[in-house]
Amino acid sequence: MSDSKAPAFGCVSSILGEYSAQALHQPGKTALVWEHGSRTYGELRERARRLAGAIRAAGLQSGDRVATLLYNRGEIFELYFAAAFAGVTLVPVSFRLTSVEIASILNDCQAKMVFTETELAGSLEDALPALDLEPLVIVLEAAASGEAYEALAARAEPVATPFHTDIHLILYTSGTTGKPKGVAMRSLAITWAAMQQVTQFRELDDRAVMLLNAPLFNTAAINESSIPTFLVGGTVAILPSRGWSAQRLGAFIGRWGVTHALVFPSMFRPMIEADEQEPLPLATMKWWYTGGENCPPALMAEVRRRWPHIHLAISYGSTETGFPTLIQGDDIALHPGSVGRVTPGQSIRLLDQDGNDVPVGAIGEVWTAGPSVMRNYWNAPQLDAETVRDGWLRIGDLARMDEEGWIYIVGRSKDLIISKGQNIYPAEIENALRQHPAVLDVAVVGVPDEEFGEAVCACIVPRRSDEVRRDEIMGFLVDKLASYKKPRHMFFMEAFPIRNATKVDKKELARTCSDLIAAHSRGI
């Protein structure tokens, strides 16, 4: 790819300041804090520019890819901004992957440089023989940057003039097809999304401390929570990757004086249980948002009752889409189950199978467009053809919109269960089941059925202290669901398979349930 120096403006490098520090940043103000270190804005900008110089000195050109295989740590953001100054594309790789999966991603993006750390270096080493292109590997220490990294971040010659490339990030998501898909995220789209979020995140300014409560290969942490905070000069606090518990989350919130955070719905349940035993230290918290999973109205109501001093927001979107909708505060109670209305700078349409807008109140597939929306996947033209049309992106969810524009997600189009000709939406059944006091978590899938075509199968994680039976659950649903929506099969489990760090892998769960049903029919 041809080399170029900053032909476009307002890109990611401008968040720290391309030619000088930007107006909202104080050089001595803490920009980053994590378990083993911290950086001021002055340090972050200087080290990112030196790392950029080292990347260019290693022979990389604009548009080349640099990968990271790291646990949550501050150096990731040094590399994030270094990539912006160097005009290269950053590819954060999940530390949860096997060496075979790592090799697949590194081959797909043709990474020329990889930053990893001692504990993960073995997985990378096992992947290297399968690579088409042997990258330059830099290994960091577990609790410190290490000499090899510091030689680049502290002593390399900084870039004087930033370089540019259109694609700043490639984030690989597992999807439902089995092969990871690379979401190509444009630099201008990331900056636009950050500005969009600043308008929506309450009290997000230079006094804010935003906790990254997700892995840094996930857009929720590496883009959504972090970049708007950097934009306004606040402090980004990074939660360690491993050992999550409600008590540990609370301890870090208290330690760093966290004011803002993302908390996934599945995290709220253990937080409520822990808070009942001993109040969590959340006094500094002002605002948190949730999403990425189904947000049951009963759970959202309990969160608001338990912590009334923390303003709650629910967001909706995907890695590809930015932040299409938002609902917060009292509107959550006024419109239970809604994911909100369309956000500024974004457009949403609900379409039928022929591409026509559905009437108000009818169910259609969600399409979105806007400056922060992905234009294409990496090296996946067939997927592009299925997902992107005339600037509009197909999210893959089914939803309805009321007269006032409030949007209600009824399920994934791929998760839709068709039983005896009836359309059944798993989210409706899940929300009903979650109201049972003995149910900690639930996932509903469709399984093949000779009589019905598909049958409803409910998978339930019970609360540890409760014993629950199928007949009790079915009795609970008598006046909550029509008979054709009630589960024909039910399994109690300790946990669900997870993909993309937070989402239930329903494809794998349905396969497990089908195997259990088949084994039961054989009398095993």
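Because the structure is a prediction, the values reported are computed rather than measured.

About the cut-offs
Residues numbered from 1 in each chain as written. Predicted model: local features only at pLDDT ≥ 70, side-chain atom pairs only at ≥ 80, totals over all residues. Heavy atoms only, no water. Helix = DSSP H or I, 4+ residues; strand = E, 2+ residues; numbered from the N terminus. Rg over C-alpha atoms; globule rule 2.2 N^0.38 Å. Buried < 20%, exposed > 50% of the residue type's maximum accessible area, 1.4 Å probe, protein only. Contact = heavy atoms within 4.5 Å. Lys, Arg positive; Asp, Glu negative; His and termini not counted. Charge placed at Lys NZ, Arg CZ, Asp CG, Glu CD. Pairing = 2+ DSSP bridges. Axes fitted to C-alpha atoms, helices over the stretch in contact; angles between N-to-C directions. Core = buried A, V, L, I, M, F, W, Y, C linked by side-chain atoms within 4.5 Å. Phe/Tyr/Trp six-rings, centres within 6.5 Å; stacked < 30°, edge-to-face > 60°. Polar contact = N/O pair within 3.5 Å; in protein donor to acceptor, adjacent residues only side chain to side chain. Arc of directions from axis to C-beta. Parallel < 35°, antiparallel > 145°, perpendicular 65-115°, else oblique. Nonpolar A, V, L, I, M, F, W, Y, C, P; charged D, E, K, R; others polar.

Colleague: Any chance you could explain the overall build of the chain here in plain terms?
Modeller: Counting secondary structure elements, the chain contains 16 helices and 27 strands. For the chain, whose C-alpha radius of gyration is 23 Å, the value lies close to the compact-globule estimate of 24 Å for 524 residues. Expressed as lengths along the three principal axes of its C-alpha atoms, the size of the chain is roughly 70 × 50 × 45 Å. Burial analysis of the chain (524 residues in total) assigns 56% to the buried set. When contacts within the chain are restricted to residue pairs at least 6 apart in sequence, those whose partners lie at least 24 apart make up 69%. Placing the 50 positive and 62 negative side-chain charges of the chain at their respective mean positions leaves the two points 2 Å apart.

Colleague: Got a minute to help me understand the sheet that holds strand β10 (residues 235-238) in this structure?
Modeller: Each strand in a sheet pairs with another by means of backbone hydrogen bonds, the pair being arranged parallel or else antiparallel. One open sheet accounts for nine strands, arranged β2-β1-β10-β9-β11-β12-β13-β14-β15; its pairing is mixed. Bordering the open sheet on either side are β2 (37-40) and β15 (341-342), each of which pairs with just one other strand. Judged from the four bridges that link them, strand β13 (residues 311-316) and strand β14 (residues 325-328) form a sheet pairing that is antiparallel. In the sheet register, Tyr 316 faces β14, and the bridge partner there is Thr 325. Where helix α11 (residues 297-306) meets the sheet, it contacts β12 (287-290) and β13, and its direction lies at approximately 155 degrees from that of β13.

Colleague: How do you make sense of the nonpolar core when you look at a structure like this?
Modeller: Burial of nonpolar side chains together is a common tendency in soluble globular proteins. Residues Phe 77, Phe 230 and Trp 288 are the most contacted members of the largest nonpolar core, which totals 115 residues. When residues in this core are grouped by element, the largest group, 10 residues, is from helix α3 (residues 75-86). In contact with Phe 77, other than residues within four places in its own chain, are Leu 32, Leu 44, Leu 212, Leu 216, Ala 221, Ile 222, Ser 226, Ile 227, Phe 230, Val 236 and Ile 238. Among the nonpolar cores identified, the runner-up in size contains 23 residues, and Val 93, Ile 102, Val 114 and Ala 127 belong to it.

Colleague: Whenever I open this one, helix α14 (residues 426-433) confuses me. Can you help?
Modeller: Each full turn of the α-helix corresponds to 3.6 residues, which orients residues three or four apart in the same direction. Across the eight residues of α14, six count as buried, placing the element largely inside the fold. Taken as a whole, α14 has its buried residues at Pro 426, Ala 427, Ile 429, Glu 430, Ala 432 and Leu 433.

Colleague: Explain the packing of aromatic side chains here, please?
Modeller: Applying the stated criterion to the full structure yields 16 aromatic pairs. Geometrically, the ring pair formed by Phe 115 and Tyr 149 is edge-to-face, given 6.1 Å between the ring centres and 80 degrees between the ring planes. Here Phe 115, found in strand β5 (residues 113-117), pairs with Tyr 149, found in helix α6 (residues 147-153); they are 34 residues apart in sequence, far enough to count as distant. Take Tyr 149: its relative accessible area is 0%, and that puts it in the buried class.

Colleague: Looking at this model, I keep getting lost on the side chain of Asp 441. Mind explaining?
Modeller: Within the fold, Asp 441 resides in strand β23 (residues 439-449). For Asp 441, a relative accessible area of 16% corresponds to the buried category. At 3.2 Å, the side chain of Asp 441 forms a polar contact with the side chain of Arg 434. In contact with Asp 441, other than residues within four places in its own chain, are Arg 269, Arg 434, Cys 459, Ile 460, Val 461 and Phe 496.

Colleague: What is the right way to look at the sheet that holds β23 in this model?
Modeller: Taken in spatial order, the three strands make up an open sheet running β23-β24-β25, and their pairing is mixed. Two strands bound the open sheet, and with one partner strand each, they are β23 and β25 (489-492). Geometrically, the sheet is characterised by an average inter-axis angle of 20 degrees between neighbouring strands, direction not taken into account. Of the strand pairs in this sheet, strand β24 (residues 453-462) and β25 are connected by four bridges, and their pairing is parallel. Looking at the pairing, Cys 457 lines up with His 489 of β25. Taken strand by strand, helix α16 (residues 506-521) contacts β23, β24 and β25, and its axis lies near 70 degrees from that of β23.

Colleague: For this particular structure, what's the right way to read helix α4 (residues 99-109)?
Modeller: Taken as a whole, α4 has its buried residues at Ile 102, Ala 103, Ile 105, Leu 106 and Cys 109. Looking straight down α4, one finds its buried side chains confined to an arc of 165 degrees; they lie on one side. Looking at the packing, one finds that the buried side of α4 touches β3 (65-69), β4 (89-92), β5, α5 (121-127) and β7 (167-173).

Colleague: When you look at the pairing of β14 in this model, what are you seeing that I'm missing?
Modeller: Side chains Thr 325 and Ile 327 of β14 all project onto a buried face; the interleaved residues Leu 326 and Gln 328 project onto the opposite face, where all are buried too. Summarising the sheet, β14 and β15 pair through two bridges and their orientation is antiparallel. Bridge pairing in β15 places Leu 326 opposite Arg 341.

Colleague: Help me understand the environment of Ala 438, please; the structure alone is not making it clear to me.
Modeller: Along the chain, Ala 438 falls in the loop between α14 and β23. Residue Ala 438 is classed as buried on the basis of its relative accessible area, which comes to 5%.

Colleague: Got a minute to help me understand the environment of Met 113 in this structure?
Modeller: Mapped onto the fold, Met 113 is located in strand β5. Judged by relative accessible area, which is 1%, Met 113 ranks as buried. When the C-alpha positions of Met 113 and Val 66 are compared, they lie 4.9 Å apart, and in sequence the two are 47 residues distant. Setting aside anything within four residues of it in sequence, one finds Met 113 in contact with Ile 55, Leu 60, Arg 65, Val 66, Ala 67, Pro 135, Leu 136, Ile 138 and Leu 152.

Colleague: Explain the packing of α3 against helix α8 (residues 219-232) here, please?
Modeller: If you want to describe how two helices pack, look at the angle between their axes and the distance between the axes. Two elements in contact, α3 and α8, have axes whose closest approach is 13 Å; the angle formed by their N-to-C orientations is 80 degrees. With respect to each other, α3 and α8 are oriented roughly perpendicular. Judged by residue contacts, Ile 76, Phe 77, Tyr 80 and Phe 81 of α3 engage Ala 221, Ile 222, Asn 223, Ser 226, Ile 227 and Phe 230 from α8. Looking at the contact of α3 with α8, its residues break down into eight nonpolar, two polar and no charged.

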